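Coordinates in review
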Amino acid sequence: LERALDKGHPVTLEAVPKDVLLSKEAMGAILYFLGALTVLSEAQQKLLVKSVEKKILPVQLKLVESTMEQNFLQDKEGVFPLRPDLLSSLGDEELTLTEALVGLSGLEVQRSGPQYMWDPDTLPRLCALYAGLSLLHLLTKAT
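The model shown is predicted, which means the values in this text are computed figures rather than measured ones.

The number of helices and strands found in the protein is 6 helices and 3 strands. Mapped from its N terminus to its C terminus, the protein presents α and β elements in the order α-α-α-α-β-α-β-β-α. Across the 143 residues of the protein, 35% fall into the buried class. Taking the contacts inside the protein whose residues are at least 6 apart along the sequence as the reference set, 65% of them involve residues at least 24 apart.

If you want it as C-alpha cells, here you go:
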C-alpha cells in the first residue's frame with residue numbers, strides 16, 4: 001500500500017467497492033490514523049468510543065489542540081492555565097471522561113484553576129490522540 005502511494009498509483013481496498021479509488025492524501029490520512037490507534041491504549045480507544053456516543057469530540061479536540069498549540073515547542077515541565085471555556089460546556093460525566101482520556105496520554109487536567117500539568121514527554125501520545133480525535137470528529141460530521 002505504501003509503495004503504491006509513493007508511486008502515485010490509485011489504490012483500492014478490499015473492504016470497499018472496486019470502483020472506489022482513494023487519493024494519496026486520503027490513504028495517507030487513513031494510515032496515519034491507524035498508526036495513531038496503535039499508540040493509544042485500549043482504554044483510550046474505549047473512551048474515544050464513549051466520546052463519540054456522547055458527542056463531545058469537538059470539545060476534546062479543541063482541548064488537545066489548544067494544549068498542543070501552547071506547548072508544542074515547550075521543553076520543560078510546568079503548570080499552565082487552561083482556558084475555562086474549553087471545559088465549561090461539559091457536564092460532570094463528560095468532564096470526567098475527558099480528563100481520563102487526556103490523562104491516559106499524560107496530560108493531567110486539574111479542575112481547580114483550571115490548569116494542566118505539562119510534560120514534554122507526553123507530546124507523541126497527545127499527537128496520536130489528536131489524530132484520533134480529528135478523524136473521528138470528521139467522520140461524525142460527515143454522517
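A separate point is helix H5 (residues 92-103). Taking 1.5 Å of rise per residue, the 12 residues of H5 would be expected to cover 16 Å, and the 16 Å separating its terminal C-alpha atoms lies within 8% of that figure. Within H5, the full set of buried residues consists of Leu-95, Leu-97, Thr-98, Glu-99, Leu-101 and Val-102.

Judged by nonpolar contacts, the single largest core of 32 residues is most densely connected at Leu-48, Leu-129 and Leu-133. Looking at this core, the elements that each hand over two or more residues are helix H2 (24-39), helix H3 (42-54), helix H4 (57-71), H5, strand S3 (115-118) and helix H6 (123-142). It is H6 that contributes the most residues to this core, 7 residues altogether. The residues contacting Leu-133, other than those within four sequence positions of it, are Leu-48, Leu-57, Gln-60, Leu-61, Val-64 and Leu-101.

About the criteria used
- Residues numbered from 1 in each chain as written.
- Predicted model: local features only at pLDDT ≥ 70, side-chain atom pairs only at ≥ 80, totals over all residues.
- Heavy atoms only, no water.
- Helix = DSSP H or I, 4+ residues; strand = E, 2+ residues; numbered from the N terminus.
- Buried < 20%, exposed > 50% of the residue type's maximum accessible area, 1.4 Å probe, protein only.
- Contact = heavy atoms within 4.5 Å.
- Expected span 1.5 Å × (residues − 1).
- Core = buried A, V, L, I, M, F, W, Y, C linked by side-chain atoms within 4.5 Å.

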